[in-house]
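Here's the letter readout for the chains.
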Amino acid sequence: MLLNVRLESGYKYENGLVVSTETVLRNLQITNGKITRILDTKATYNKNLDCYDAKGMLLLPSFRDMHIHLDKTYYGGPWRAAHMRKNGIFDMIALEEKLLPELLPTAQERAEKLIELILSYGSTYARSHCNIDQVVGLKNLENLKKALANYSDKISHEIVAFPQHGLLRSNVEGLIREAMQLGVTHVGGLDPTLVDGNMEKSLNTMVQIAFDYKAGIDIHLHEGGETGIKAIKLLADLTEQAGLQGKVTVSHAFSLASLSAGADEEMANRLASLGISIASSVPIGKSVMPIPLLQQQGVKVLLGNDSITDHWDPFGIGDTLQKAHLAAQLYGWKHEYTLSRALSLATGGITPLDESGKQIWPKVGDTANAVLVPASCSAETVARLPKRAAVLHKGVLASGSLEAVN
């Protein structure tokens, strides 16, 4: 029994506008990882169960980090800033060829520390990209799988076989296929024109592997402008031809920021019609990703932390909620309603209230994936980033603490 839990119950309106969020206190019974009863605090309950007092803290759906690299990070080791590079990604590939063997002996240990970090921020689901390359072969994957197995009661996951050094450029199709046989859920890819030098062959190879193994796709597409747009259009066509609707994600997709009015809606509609999602780390730069437009047209937008203090970037802190907070700042979502809706970016689309303010989460039968925060509502949580006091994964305490009631 989780006692005295604060749940959102509806929006309060003035002159047709949402001005605040209403809440109620409830007691929740969790059985075998599911929410089985939601009771008024005055109702009787089985006191022989393990009982914990939430002390009026707000219960929200736990978060999902949908783009992270658990297999390669400096986190847990000595501080290092990002690497200097003159020739862009090719300098980084050359660096990785030297760095990966150096990091390999501690890869599992660092992955586990990183898992603990994202759990502490409330993420109980992660899609981790994992290097598959000629330098370490499948060894990063082996270490990542061991790390995730050690936390299987606390976090659910997907793994993307990621050819960081280029699918064609580093000749890893065979290794990617081996990775798929080891239970990897998604085929990865990387800048098919810039890195692989052959957009059509690169994308066709990636889609063919996904088709052969009935897997998903999640491609890193950093290429901007027309090159990136052509790649997205071809990938959309190949998705439709291969029957992979709902199984494809384009990560980063910076080129979408360059689309003109009209062309952006057309592209968003095409992506939505095929169930192609966009994974973003909400980058800060000259171009602003059109996340509001994508959502408006029905494209599923996923958030991820991407790098967590590694040779690419030293700034990642591991908090998916912080990414939703950043999006709210970037797109001007600073009022009760828009802040409340921004929570969906961190949770994979789950919110306590629907758009009209009807309470839709939690319901009896829902999996008990949740986070307790000392906040009054979703809007305050997104805006103020309160401490994650307790994190539950299928009813198991994954991080934080709960006060037992005798």
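A short tour of the structure in this document, coming up. (Residues numbered from 1 in each chain as written. Predicted model: local features only at pLDDT ≥ 70, side-chain atom pairs only at ≥ 80, totals over all residues. Heavy atoms only, no water.)

By size, the foremost hydrophobic cluster in this structure holds 88 residues, and its most contacted members are I176, L256 and L271. The element that contributes the greatest number of residues to this core is helix α6 (residues 225-242), accounting for eight residues. Among residues more than four places away in sequence, those in contact with L271 are I232, L256, I276, I278, L294 and V299. With 16 residues, the next largest nonpolar core counts L2, A54, A370 and A389 among its residues. (Core = buried A, V, L, I, M, F, W, Y, C linked by side-chain atoms within 4.5 Å. Buried < 20%, exposed > 50% of the residue type's maximum accessible area, 1.4 Å probe, protein only. Helix = DSSP H or I, 4+ residues; strand = E, 2+ residues; numbered from the N terminus. Contact = heavy atoms within 4.5 Å.)

Before going further, it helps to spend a moment on the environment of A389. Among the secondary structure elements, A389 is positioned in the loop between α11 (378-384) and β15 (390-393). For the pair A389 and D65, spaced 324 residues apart in sequence, the C-alpha separation works out to 19 Å. The contact partners of A389, leaving out residues within four places of it in the chain, are M57, L372, S399, G400 and S401.

In the contact formed by helix α5 (residues 199-212) and α6, the axes pass within 10 Å of each other and the chain directions differ by 35 degrees. Where α5 crosses over α6, the two elements pack in a sense that is right-handed. Residues M199, E200, L203, N204, M206, V207 and F211 of α5 pack against K230, A231, L234, L235, L238 and A242 of α6. Here the residues of the contact of α5 with α6 sort into 10 nonpolar, one polar and two charged. (Axes fitted to C-alpha atoms, helices over the stretch in contact; angles between N-to-C directions. Left-handed = near helix turned anticlockwise from the far one by under 90°. Nonpolar A, V, L, I, M, F, W, Y, C, P; charged D, E, K, R; others polar.)

A few words on the pattern of salt bridges. Considering all chains together, one arrives at 12 salt bridges under this definition. We note a salt bridge from R26 to D40, for which the minimum N-O separation is 3.7 Å. Taken together, the residues span a long stretch of sequence, with R26 in strand β2 (residues 17-31) and D40 in strand β3 (residues 34-40) at a distance of 14 residues. A residue is classified by how much of its surface remains accessible, and D40, at 39% relative accessible area, is partly exposed. The shortest N-O distance in the salt bridge between D218 and R127 comes to 2.8 Å. Placement of D218 in strand β10 (residues 216-221) and of R127 in strand β7 (residues 123-131) is noted, with a sequence separation of 91 residues between them. For the pair D218 and R127, one class covers both residues: buried. Through salt bridges with shared partners, a single ionic network connects R127, E158 and D218. (Salt bridge = Lys/Arg side-chain N within 4 Å of Asp/Glu carboxyl O.)

With respect to topology, eight strands assemble into an open sheet ordered β6-β7-β8-β9-β10-β11-β12-β13, the strand pairing being parallel. This sheet does not close on itself; its edge strands, each paired only once, are β6 (63-68) and β13 (301-303). Looking at each pair of strands side by side, their axes are set apart by 25 degrees on average, direction ignored. When β6 meets β7, the two strands line up parallel, connected through four bridges. Opposite D65, over in β7, you have A126 as the bridge partner. (Pairing = 2+ DSSP bridges.)

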